[in-house]
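Here are the chains, one letter per residue:
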Amino acid sequence: MYKIQLMDNFTPESTRALSQDSYFIEQTERPNGMMVRSSIVADQQITRDLLAISRVGVGVNTINVEKCTENGTVVLNTPGTNANAVKELVVASLLIAVRPIFTAVKQVKELRGSHILAESEAIREKLIGHELQGKTVGILGLGSIGKQVGRICYELGMDVLGYARSPHDLSFLTQVALTELLKQSDFIVILLPLTAETNHLLNDKAFNLMKSGTCLLNFGRDQIVDNQALLAAIDQGKIAQYITDFPQAEFIGHDKIIMLPHIGGNTHEAIKDGEQMASRHLRNFLLYGTVRDSVNYPNARLLFQAPYRLTLFYQDSKGIWAEIVAILAQYELEIGDMSSNRKNGNVYTMIDLDTINQEKIEKALVEMTELVPVRRVRLLTKPVGIK
Ligand SMILES: NC(=O)C1=CN([C@@H]2O[C@H](COP(=O)(O)OP(=O)(O)OC[C@H]3O[C@@H](n4cnc5c(N)ncnc54)[C@H](O)[C@@H]3O)[C@@H](O)[C@H]2O)C=CC1
Ligand SMILES: O=C(O)C(=O)COP(=O)(O)O
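Summary of the structure given here.

Definitions and limits used
- Residues numbered from 1 in each chain as written.
- Chains lettered and ligands numbered in written order.
- Predicted model: local features only at pLDDT ≥ 70, side-chain atom pairs only at ≥ 80, totals over all residues.
- Heavy atoms only, no water.
- Helix = DSSP H or I, 4+ residues; strand = E, 2+ residues; numbered from the N terminus.
- Contact = heavy atoms within 4.5 Å.
- Areas by Shrake-Rupley, 256 points an atom, 1.4 Å probe, with all protein chains shown as cover.
- Lys, Arg positive; Asp, Glu negative; His and termini not counted.
- Charge placed at Lys NZ, Arg CZ, Asp CG, Glu CD.
- Pairing = 2+ DSSP bridges.
- Axes fitted to C-alpha atoms, helices over the stretch in contact; angles between N-to-C directions.
- Near = heavy atom within 4 Å.
- Polar contact = N/O pair within 3.5 Å; in protein donor to acceptor, adjacent residues only side chain to side chain.
- Nonpolar A, V, L, I, M, F, W, Y, C, P; charged D, E, K, R; others polar.
- Core = buried A, V, L, I, M, F, W, Y, C linked by side-chain atoms within 4.5 Å.
- Buried < 20%, exposed > 50% of the residue type's maximum accessible area, 1.4 Å probe, protein only.

As for the overall build of the protein chain
Step number 1: A tally of helices and strands in the protein chain yields 11 helices and 16 strands.
Step number 2: Seen along its three principal axes, the alpha-carbon backbone of the protein chain occupies a region of about 90 × 45 × 40 Å.
Step number 3: Relative to all contacts within the protein chain whose residues are 6 or more apart in sequence, the contacts with residues 24 or more apart total 63%.
Step number 4: Accessible surface for the protein chain amounts to roughly 19,700 Å². Of this, 50% is attributable to carbon and sulfur atoms.
Step number 5: Charged side chains of the protein chain number 40 positive and 43 negative; the gap between the two group centres comes to 3 Å.

Written out as structure tokens, the structure reads:
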């Protein structure tokens, strides 16, 4: 039985994949698996018992991934499940940026009397907007969301620039260096994760490169923008409008800043898809050792044909594999089938075993766990019902 802790409110249907036969959902201080949406996972919650954290959503800045990696805890997420939701809100925000929609609705609400049509005709003069067509939009981050936003902006008739670390072959946008994107764009949309590299990526230097009157949209994370530099850029006229999905105290009441309460991925469709994918990922890792969509483990899949499976997660260091093989040989554990994959200096290996001797496997597990580069060793038994 694996103990699963649900860190946020999840619908019963979405956690159906966590079958009651193999899982026990409870609030416990030492769970083996965690399902989390936006709650912060505290460092002390990353205990030795914690095998996996499954994030419903994409950003993992609320989880200490480095600590999880050292602890051998896999961190899984659900890329793509909320991409359409964010894309649609970015389009709405671009339209809000060019058309005085809120002011228009407010002014019409204030109209009274039988001449409402004539009166609304009269207020139109001060409600003239702009069009997106023909303007240049620069997209920072060409992942699941960035690509979708790029495509729809192209379909809206915009010239689309994109910034990414590696080359992408996307017919609807031109990939450029960051400085070029900042210089040429009328609209800049942040769709990057928060990392050490992207923290305050938009600082004084970046704002100085921008055109006067640029409109900035932030759907990535708050800290990608240096707030003080942004306020100065607004004062200098570099930024005409800032629309962010991450409210900040220092922006309250600012007439050039629109704040949304982190609702980019907040649709019933995206939440349902994300929860289902996260619970499937968690179940497949706990039961079969399968890894899909992890930020710290490499992807790994192996048909579970033998009765037993050994999984090892270890630092990729010289001689480690020879040491593991020596332990297998010493305790007469014969490799049936195996898979081994690398990511960011770590290796994840699954070894299927046809037969084990209980006493010997226990000793082998202890010795493997004691190898310095090894972060996590697990012995899985083929679940009943799997052919
Ligand atoms: N406002 C909201 O509700 C939501 C916000 N997000 C945010 O948007 C981010 C992106 O989401 P997805 O597109 O789904 O993720 P993704 O993982 O598909 O894409 C992220 C992209 O950013 C790129 N990237 C990372 N560091 C970079 C750097 N230093 N320079 C250039 N490119 C870099 C990656 O290579 C990847 O292509 C998430 O990490 C999250 O912070 C995501 C979903 C909802
Ligand atoms: O997926 C992400 O990174 C998001 O920002 C969406 O977060 P949420 O799942 O809505 O708390």
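A word on the sheet that holds strand β16 (residues 374-381)
Step number 1: Sheet architecture is open: 4 strands sit in the order β14-β15-β13-β16, paired in antiparallel fashion. In this open sheet, the two strands that pair with only one neighbour each are β14 (335-343) and β16. Direction aside, the axes of adjacent strands within the sheet are offset by 10° on average.
Step number 2: With 8 bridges joining them, strand β13 (residues 308-315) and strand β15 (residues 346-353) adopt antiparallel strand pairing. The partner of Thr311 across the bridge, within β15, is Met350.
Step number 3: Packed on one face of the sheet, helix α11 (residues 358-370) meets β13, β15 and β16 and runs near 160° to β16.

As for the site of ligand 1
Step number 1: Near ligand 1 you find 23 residues, and of these Ser144, Ile145, Glu197, Phe219 and Asp245 are the closest.
Step number 2: Within the contact set of ligand 1, an oxygen atom lies 2.9 Å away from a backbone nitrogen or oxygen of Ser144.
Step number 3: The contact in question runs from an oxygen atom of ligand 1 to an N or O atom on the backbone of Gly220, over 3.2 Å.
Step number 4: For ligand 1, whose accessible area on its own is 860 Å², the fraction buried by protein is 87%.
Step number 5: A per-class count over the shell around ligand 1 returns 10 nonpolar, 9 polar and 4 charged.

Re the nonpolar core
Step number 1: Formed by 28 residues in total, the largest nonpolar core has its most connected members in Val90, Val137, Phe187, Leu191, Leu217 and Phe219.
Step number 2: Listing elements by their share of this core, those giving two or more residues are α2 (83-98), β6 (136-140), α5 (144-155), β9 (187-190) and β10 (214-218).
Step number 3: For Val90, the residues in contact, after removing those within four places along its chain, are Val149, Val189, Leu217 and Phe219.

Considering the sheet that holds β6
Step number 1: The sheet built from 7 strands is open, its strands ordered β8-β7-β6-β9-β10-β11-β12 with parallel pairing. Strand pairing shows two members of the sheet lacking a second neighbour, β8 (174-175) and β12 (257-259), which therefore form its edges.
Step number 2: Pairing analysis gives 5 bridges linking β10 to strand β11 (residues 239-244), with the strands arranged parallel. Its bridge partner being in β11, Leu217 is matched across the sheet by Ile243.
Step number 3: On top of the sheet, α5 reaches β6 and β7 (159-163); it is set at about 170° to β6, its chief contact.
Step number 4: On the sheet, helix α8 (residues 227-235) packs against β10, β11 and β12 and is oriented at approximately 140° with respect to β11.

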